[in-house]
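Listed below, chain by chain, are the residues.
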Amino acid sequence: MNWRTLIEDVCDIIYPPANTCIFCNQQGELIVPYSMCEHCWDTLPFTKPPLCDICGKPIDSDKLRICHDCAEYSRSFVKAGAVLEYMPSVHETIYRYKYKGHSELAKPLGLLMAHVVSRVAWPDMDVLVPVPLYYERLRQRGYNQSALLARYMGYELNLPVLDKALYRCRDTKAQATLGRAERRANIAGAFDVKDAKDIKGKTIMLIDDILTTGATADACAQALLVGGANAVYVFTLATGVLK
Ligand SMILES: [Zn+2]
Ligand SMILES: [Zn+2]
């Protein structure tokens, strides 16, 4: 039983959330529990083939199996997947969630991620592990957006969430400001496992908000494998580069 989410569900009944779509901000009837209007449900860029066999990013051609990044670098994670392509309509919502203090978006977004990942043909997972923030950034933001998504996913999928399994052992520059090779160098070795016994032999689903080049997910997966994890899969809300 997760008391915190249960209490939030009770609060939702007593004080229903505003009937504003979390993607287009239009008022009207919403699809519960994703707080999304029917129009957005029909038109948002949900990921669809052709996708990279490894990182799950959209690729241009049916003939290719893997993307440019996965061809160039070997991955520490087995596979990655995402709910949405990272388009402007998606960016705006993630921006509000991540940088404007709208932590209440964690619930509809986390439940949407749970709904989509439950239809993906991956092996059974043992635990969810969110990508950690450096403590200084966590202090500024007040919450870890990936940990909140993981919490609602865990609640819905009935999986434990180890939000202290990984930690950032050093601060890094914001990945968004860097090119591909720089991202890998910036993030390599930035994560470590807090207590190896928590993850030993486990099949782990790593949770983040966005997968861009996959360098962050790779660095986390690397740390988890060194710590004794059996395998790491990655699931994010959005994937790709903002166009
Ligand atoms: Zn909408
Ligand atoms: Zn790829």
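Residues numbered from 1 in each chain as written. Chains lettered and ligands numbered in written order. Predicted model: local features only at pLDDT ≥ 70, side-chain atom pairs only at ≥ 80, totals over all residues. Heavy atoms only, no water.

Undergrad: Kindly report on the coordination of the zinc ion (ligand 1), identifying the contributing residues and their values.
TA: Protein coordination at the zinc ion (ligand 1) comes from C21 (SG), C24 (SG), C37 (SG) and C40 (SG), with a distance range of 2.3 Å. Sequence spacing of the donor residues for the zinc ion (ligand 1), all on one chain, is C-x2-C-x12-C-x2-C. (Donors = N, O, S within 2.8 Å, 3.2 Å for Na, K, Ca; no water.)

Undergrad: Tell me what's going on with the packing of helix α5 (residues 106-117) against helix α7 (residues 145-157), and back it up with residues and numbers.
TA: Two elements in contact, α5 and α7, have axes separated by 8 Å at closest approach and are oriented at 50°. On the basis of the axis angle, α5 is oblique to α7. Between α5 and α7 lies a crossing whose hand is right-handed. The segment α5 lies against α7, with A106, K107, L109, G110, L111, M113, A114 and V117 engaging L148, L149, Y152, M153, E156 and L157. A per-class count over the contact of α5 with α7 returns 11 nonpolar, 1 polar and 2 charged. (Axes fitted to C-alpha atoms, helices over the stretch in contact; angles between N-to-C directions. Helix = DSSP H or I, 4+ residues; strand = E, 2+ residues; numbered from the N terminus. Parallel < 35°, antiparallel > 145°, perpendicular 65-115°, else oblique. Left-handed = near helix turned anticlockwise from the far one by under 90°. Contact = heavy atoms within 4.5 Å. Nonpolar A, V, L, I, M, F, W, Y, C, P; charged D, E, K, R; others polar.)

Undergrad: Give me the sheet that holds strand β3 (residues 80-85): which residues, what numbers.
TA: One open sheet accounts for 4 strands, arranged β3-β8-β7-β4; its pairing is parallel. A single partner strand is all that each edge strand has here, and the edge strands are β3 and β4 (127-130). Adjacent strand axes in the sheet meet at a mean angle of 20° when their direction is disregarded. Sheet topology note: the β4/strand β7 (residues 203-211) ladder contains 4 bridges and is parallel. When the bridges of β7 are listed, P130 appears paired with I207. Against the sheet, helix α4 (residues 88-99) engages β3, β7 and β8 (231-239), with an angle of about 105° to β7. (Pairing = 2+ DSSP bridges.)

Undergrad: Break down the nonpolar core for me, with residues and values.
TA: In this structure, F23, M153, M205, I207 and F235 are the most contacted members of the largest nonpolar core, which totals 43 residues. Looking at this core, the elements that each hand over two or more residues are β1 (30-31), β2 (36-37), β3, α4, α5, α7, β7 and β8. When residues no more than four places from it in sequence are discounted, the contact partners of F23 are M36, C40, L44, L84, S89, V90, E92, T93 and L109. Counting residues in hydrophobic clusters, the runner-up holds 30 residues, among them C52, V127, I199 and L206. (Core = buried A, V, L, I, M, F, W, Y, C linked by side-chain atoms within 4.5 Å. Buried < 20%, exposed > 50% of the residue type's maximum accessible area, 1.4 Å probe, protein only.)

Undergrad: Could you give me a rundown of helix α10 (residues 215-226), with the residues and numbers involved?
TA: An α-helical turn contains 3.6 residues, so a residue and the one three or four places further along point in the same direction. Compared with the 16 Å implied by 1.5 Å per residue over 12 residues, the 16 Å span of α10 between its first and last C-alpha is a close match. The buried fraction of α10 is high, at 9 of 12 residues. Listed as buried for α10 are A215, T216, A217, D218, A219, C220, A221, A223 and L224. Looking one or two residues past α10, G228 carries a phi angle of roughly 110°, positive in sign. (Expected span 1.5 Å × (residues − 1).)

Undergrad: Which residues make up the coordination of the zinc ion (ligand 2), and what values do they have?
TA: For the zinc ion (ligand 2), every protein donor is listed as C52 (SG), C55 (SG), C67 (SG) and C70 (SG), and the spread of their distances is 2.3 Å. Sequence positions of the donors to the zinc ion (ligand 2) reduce to the motif C-x2-C-x11-C-x2-C. Taken together, the positions of C52 in the loop between α2 (38-43) and α3 (68-72) and C67 in the loop between α2 and α3 put the pair 15 residues apart, joining distant regions of the chain. The residues C52 and C67 share a single accessibility class, namely buried.

Undergrad: Which residues make up the side chain of R141, and what are the values?
TA: Topologically, R141 is positioned in helix α6 (residues 135-141). Buried and without a salt bridge, R141 has D209 as its closest oppositely charged side chain, separated by 5.9 Å. When neighbours within four sequence positions are excluded, R141 is seen to be in contact with K98, Y99 and L133. (Lys, Arg positive; Asp, Glu negative; His and termini not counted. Salt bridge = Lys/Arg side-chain N within 4 Å of Asp/Glu carboxyl O.)

Any link to function would need more than the numbers given here.
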